[in-house]
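# Structural overview for review
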Amino acid sequence: MRDQIDKLGVLLRLRRREVDRRAREAAIAAAAVQAAEAARDEAERLAAAARVKRDRALTERLAAPADAHIAAFCLSCEQRVHEAIEALRRAERAIAGAIERATAIRQHLRRAEARLEALSTQLHQAVARQRQAGERRAADDRVVSGALAWA
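Just so it is clear, the model here is predicted, and its values are computed rather than measured. (Residues numbered from 1 in each chain as written. Predicted model: local features only at pLDDT ≥ 70, side-chain atom pairs only at ≥ 80, totals over all residues. Heavy atoms only, no water.)

## Section: the overall build of the protein chain
Here is the rule: For the purposes of this entry, the term helix denotes a DSSP run of H or I that reaches at least four residues, the term strand denotes a run of E that reaches at least two, and both are numbered from the N terminus. Atoms counted for the radius of gyration: C-alpha only. Globule rule: 2.2 Å times residue count to the power 0.38. A simple rule labels every residue: compare its accessible area, found with a 1.4 Å probe on the protein chains alone, to the largest value its type can have, and call it buried under 20%, exposed over 50%, or partly exposed in between. Throughout, the Shrake-Rupley method with a 1.4 Å probe supplies accessible areas, and for residues the shown protein chains are the sole cover considered. Working convention for charge: Lys and Arg count positive, Asp and Glu count negative, and His plus the chain ends are omitted. Positions of charges follow a simple convention, taking NZ of Lys, CZ of Arg, CG of Asp or CD of Glu.
Regarding its fold elements, the protein chain presents 2 helices and 0 strands. Relative to its length of 151 residues, the protein chain is extended, with a C-alpha radius of gyration of 34 Å against a globular reference of 15 Å. With respect to the principal axes defined by its C-alpha atoms, the protein chain has extents near 125 × 20 × 15 Å. Relative to its 151 residues, the protein chain shows a buried fraction of 24%. Working note: accessible area of the protein chain is about 10,700 Å², and carbon and sulfur atoms make up 57% of it. Charge centroids of the protein chain, computed over 30 positive and 22 negative side chains, lie 5 Å from each other.

## Thoughts on the nonpolar core
To keep things clear, this is the line we draw: In these notes, a set of buried Ala, Val, Leu, Ile, Met, Phe, Trp, Tyr and Cys residues joined through side-chain atoms within 4.5 Å is what counts as a nonpolar core. Note on definitions: a residue-residue contact is assigned when non-hydrogen atoms from the two residues lie within 4.5 Å.
Counting 16 residues, the largest nonpolar core has Leu8, Leu12, Val19 and Leu123 as the members making the most contacts within it. Breaking this core down by element, the ones donating at least two residues are helix H1 (2-63) and helix H2 (68-150). Looking at this core, the element that brings in the most residues is H2, giving 9 residues. Other than its neighbours up to four places away in sequence, Val19 contacts Leu109, Ala112, Glu113 and Leu116.

## Looking at the pattern of salt bridges
Inclusion rule: Any Lys or Arg side-chain nitrogen located within 4 Å of an Asp or Glu carboxyl oxygen qualifies as a salt bridge.
Per the stated rule, a full pass over the model turns up 12 salt bridges. Measuring nitrogen to oxygen at the nearest pair gives 2.7 Å for the salt bridge that ties Arg115 to Glu18. With a gap of 97 residues between them, Arg115 in helix H2 and Glu18 in helix H1 connect regions that are remote in the sequence. A cluster of three or more residues bridged by salt bridges with shared partners is formed by Arg15, Glu18 and Arg115.

## Here's the deal with the environment of Ala31
When you line up the elements, Ala31 lands in helix H1. For the pair Ala31 and Arg111, spaced 80 residues apart in the sequence, the C-alpha separation amounts to 21 Å.

## Concerning the side chain of Arg22
Within the fold, Arg22 resides in helix H1. With sequence-adjacent residues up to four places away left out, Arg22 is seen in contact with Ile105, His108, Leu109 and Ala112.

This is the structure:
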């Protein structure tokens, strides 16, 4: 019985380590989601700035439609808007991936916590059984020694 309790104790420590590791992974994943959201916010800000700059360039082009420099500037502004939109799409994909990973890690954490709880319950039951067996042996010893005293 004692060997079983010792083995369960070792397993319990290992499970606690696993839960701690999973909790750290979950915290890192949550930070990755926040970082991806910050990157998306920055991409949104850059896209809005590129659109404003493009709109100003188009307004200037309407004032001077034959100017080649303004036309080239409009083209570069349009390219920056497309690049900013693509960066925004990449940021959205990164957020989706980070959320997916964070969700999977949280599920692993919950499973590890459930295994830890089950093992802890198993250990407590084994200790209780051992204690009860010891109490029964002690009671039997008292009964036997009492019976011998009467004999």
